[in-house]
Amino acid sequence: MILEKVLSTINKYSLINNGDKIVIGVSGGPDSICLLHILNRLKEKFDIEIYAAHLNHQLRGIEAQKDALYVSQICEEMGVTYFIKSIDVAKYCNENSLSIEEGARKLRYEMFDEIRLKTNSNKIAIGHNLNDQAETILMRVMRGTGLQGLRGIEYIRDNGIIRPLLDINRTEIENYCEENDLNPRIDKSNLESIYTRNKVRLELIPYMKDNFNTNVIESIVRMSNGLRHDSDYIEEEAKIKFKKICNLNSNDVEIKLKDYINLHIAIKTRIIRNSIKHILGDTNFLDQKHIEDVIDLENQNKINKTIMLPRGVFAYRKQDIILLTTKEIVNKEIEFCYNIPSNGFVKIKELNLIIETQKMSIDRYNSLKNDKWSKGFDFNKVKGGLVVRNRKQGDKIKLAGGTKKLKDLFIDLKIPREDRDKVPVMIDEQGVLLVGDYRVSENYKIDSQTKEVLKISFKKL
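The following refers to the structure shown.

### Remarks on the side chain of Ser374
Locating Ser374 in the fold gives a position in strand β14 (residues 374-378). On the basis of relative accessible area, Ser374 is assigned to the buried category, the value being 15%. In contact with Ser374, other than residues within four places in its own chain, are Lys455, Ile456 and Ser457.

### What to know about the packing of aromatic side chains
Here the structure, examined in full by the defined rule, presents 4 aromatic pairs. Centroid distance Tyr109 to Phe112: 5.4 Å. Interplanar angle 80°. Geometry classified as edge-to-face. One end of the pair, Tyr109, and the other, Phe112, are both in helix α6 (residues 100-119), 3 residues apart, so they sit about a helical turn from each other. Note on Phe112: relative accessible area 4%, which makes it buried.

### A word on the pairing of strand β9 (residues 313-317)
The buried fraction of β9 amounts to 5 of the 5 residues, a majority that puts the element mostly inside the structure. Judged by which residues are buried, β9 turns out to be covered on both faces: Val313, Ala315 and Arg317 on one side and Phe314 and Tyr316 on the other are all buried. Strand direction decides the pairing type here: strand β8 (residues 306-309) and β9, joined by 4 bridges, are antiparallel. Paired with Thr306 across the two strands is Tyr316, which belongs to β9. In sequence, β8 turns back onto β9 through a hairpin of 3 residues, with Arg311 there showing a positive phi of about 65°. Where β9 lies against strand β10 (residues 321-325), 4 bridges are found, and the strand directions are antiparallel. Residue pairing across strands places Phe314 opposite Thr325, the latter belonging to β10.

### Considering the side chain of Ser32
Looking at the element boundaries, Ser32 is found in helix α2 (residues 30-41). Among the polar contacts listed, one links the side chain of Ser32 to the backbone oxygen of Gly29, at a separation of 3.3 Å. Filtering out sequence-adjacent residues up to four positions away, Ser32 remains in contact with Gly25, Val26 and Ser27.

### Concerning the packing of α2 against helix α9 (residues 170-179)
Orientation of α2 relative to α9, taken along the N-to-C sense of each, is 65°, at an axis distance of 9 Å. In this structure, α2 crosses over α9, and the sense of that crossing is left-handed. Note on element contacts: α9 touches α2 through Ile173, Tyr176 and Cys177, opposite Pro30, Asp31, Cys34, His37, Ile38 and Arg41. The class makeup of the residues in the contact of α2 with α9 is 6 nonpolar, 1 polar and 2 charged.

### Points about α6
The terminal C-alpha atoms of α6, which comprises 20 residues, lie 28 Å apart, in line with the 28 Å expected from a rise of 1.5 Å per residue. Those residues of α6 lying buried are Glu102, Gly103, Ala104, Leu107, Tyr109, Met111, Phe112, Ile115, Arg116 and Thr119. Positive backbone phi, at 60°, marks Asn120, one or two positions downstream of α6.

### Focus on a positive patch on the surface
On the surface, a cluster of positive charge is made up of Lys305, Lys396, Lys405, Lys407 and Arg417. Judged by relative accessible area, Lys396 falls into the partly exposed class, the value being 47%.

### A few points about the pattern of salt bridges
When charged atoms on two side chains of opposite charge get close, those side chains can pair. Applying the stated criterion to the full structure yields 32 salt bridges. Residue Glu298 pairs with Lys268 through a salt bridge whose shortest N-O separation is 3.0 Å. Linking Glu298 in the loop between α14 (288-295) and β8 with Lys268 in helix α13 (residues 265-280), this pair joins segments that are 30 residues apart in sequence. Across the pair, exposure class does not vary: Glu298 and Lys268 are buried alike. Linking Lys404 and Asp412 is a salt bridge whose minimum nitrogen-to-oxygen distance equals 2.9 Å. Overall, the relative accessible area of 26% leaves Lys404 in the partly exposed class. For Asp412, a relative accessible area of 46% corresponds to the partly exposed category.

### A few points about the nonpolar core
Formed by 38 residues in total, the largest nonpolar core has its most connected members in Ile16, Ile24, Leu36 and Ile38. Of all the secondary structure elements, the ones that give two or more residues to this core are α1 (2-12), β1 (21-25), α2, β2 (49-56), α4 (61-78) and α9. The element best represented in this core is α2, accounting for 6 residues. The next biggest cluster of nonpolar side chains, apart from the first, holds 24 residues, and it includes Val253, Leu297, Val313 and Ile322.

### As for α2
The end-to-end C-alpha distance of α2, which contains 12 residues, comes to 16 Å, matching closely the 16 Å that a straight helix rising 1.5 Å per residue would cover. Burial analysis of α2 places 11 of its 12 residues in the buried class, which makes it a mostly covered element. Regarding α2, the residues found buried are Pro30, Asp31, Ser32, Ile33, Cys34, Leu35, Leu36, His37, Ile38, Leu39 and Asn40.

### Quick word on the sheet that holds β1
Sheet architecture is open: 5 strands sit in the order β3-β2-β1-β4-β5, paired in parallel fashion. The open sheet has two edge strands, β3 (81-86) and β5 (161-162), and neither has a second partner. Bridge count for β2 against β3 is 6 bridges, and the pairing is parallel. Across the sheet, residue Leu55 finds its bridge partner in β3, namely Lys85. Set on the sheet, α6 makes contact with β1, β2, β3, β4 (123-125) and β5; between it and β2 the angle comes to about 145°.

### A look at the packing of α2 against α4
The interhelical angle for the contact between α2 and α4, taken along N-to-C directions, is 15°, at an axis separation of 11 Å. On the basis of their axis angle, the class for α2 and α4 is roughly parallel. Two packed elements cross with a definite hand, and for α2 against α4 that hand is right-handed. Side by side, α2 and α4 meet where Ile33, Leu36, His37 and Asn40 of the first sit next to Tyr70, Ile74, Cys75 and Met78 of the second. Tallied by class, residues from the contact of α2 with α4 come to 6 nonpolar, 2 polar and no charged.

So, how was this worked out
- Residues numbered from 1 in each chain as written.
- Predicted model: local features only at pLDDT ≥ 70, side-chain atom pairs only at ≥ 80, totals over all residues.
- Heavy atoms only, no water.
- Helix = DSSP H or I, 4+ residues; strand = E, 2+ residues; numbered from the N terminus.
- Buried < 20%, exposed > 50% of the residue type's maximum accessible area, 1.4 Å probe, protein only.
- Contact = heavy atoms within 4.5 Å.
- Phe/Tyr/Trp six-rings, centres within 6.5 Å; stacked < 30°, edge-to-face > 60°.
- Pairing = 2+ DSSP bridges.
- Polar contact = N/O pair within 3.5 Å; in protein donor to acceptor, adjacent residues only side chain to side chain.
- Axes fitted to C-alpha atoms, helices over the stretch in contact; angles between N-to-C directions.
- Left-handed = near helix turned anticlockwise from the far one by under 90°.
- Nonpolar A, V, L, I, M, F, W, Y, C, P; charged D, E, K, R; others polar.
- Expected span 1.5 Å × (residues − 1).
- Patch = residues over 30% accessible without salt bridge, like charges linked within 9 Å, V, L, I, M, F, W, Y side chains within 5 Å.
- Areas by Shrake-Rupley, 256 points an atom, 1.4 Å probe, with all protein chains shown as cover.
- Salt bridge = Lys/Arg side-chain N within 4 Å of Asp/Glu carboxyl O.
- Lys, Arg positive; Asp, Glu negative; His and termini not counted.
- Charge placed at Lys NZ, Arg CZ, Asp CG, Glu CD.
- Core = buried A, V, L, I, M, F, W, Y, C linked by side-chain atoms within 4.5 Å.
- Parallel < 35°, antiparallel > 145°, perpendicular 65-115°, else oblique.

Here it is as structure tokens:
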């Protein structure tokens, strides 16, 4: 009976093709041993090669060693090639600031990928079952998931991970193991309500069965399968938009706000998920609340804001984009200060910029062709020597509408915080003449009384 149901799942979701090479995650528990036994029985039918992979997490002392020994023995009995690896997961998680659940999962999949490459396999089979599916959906509901989360565990993923037992409940699996004398190992920690999943499994679901619906597991999974079709359609639409409005690099994604901001919230949510998936390879441990925090960055009052998401992802709100990246942008303070001759030039090496000055008559200045990289000032209004430097606290400039602090000017101009120290500020004894090529002080402007002009030009190196 169970074999036919697994075959039905395999065929329905195209999980296995003839000639596949499959690495099977084998913990030694009922689920993975059942999966190993069934795929071993199906070897000839599909002309496949299978390999078993077991990770000793070093969390359960002698019991973990017995698990590894059991896996090696049963694989030898079945004639299945196996790989066993031992890692101090607790130490790894402590060194990398990860939870045991997150760290163990990361190390398991790294091992699976390592064995997949070594054996030239194209798929990884995991023993998740119907109960796991219901538990996962309930856990996501409690974290505040969206439609994507309600899909539950996928039968097959883009990276070749397959789950042939996802339509089989735990009781059927245990009965199968008993009928075939497999004697799987039982992890006693799964019988203790110490992790969230265990509490859902041992306390919440039994309570729901006793008080609301005896078939609650099947009902939850049936709902999930129904929502999957709706999600698939929206997901395809979102992928089209994602490719259209995002600039993709290996470690980051730039979401162009002018194309993004008017999209439906369902598409926005998926664009952000696809962005994080592009960076990390998956969206594990990313909740709906994190997505909403990124969406909130589209507001104008969030320019230059940064939020940190799980697994070392940063979201930066820039002027025209939201940047998602694993690289933390550290604003390096730039300090420079140079005296400027009235006729000559100075090189600002910190900015890769040359500032050239020329003193000339008003008639000559008026005869020259203006360009956006040059500014003219009334030379006789300049007092003392000229200096170019980065901004300082309290700097102000006289504009047509009144005096404005440079801090407020940079905010009005929406200059990113990390770029503000790179804007050259030119001063004399009285105050600020100009702020980069953004603004010129009213106090030094050329007028009808001007006889001599100081022309200042900016040239990039």
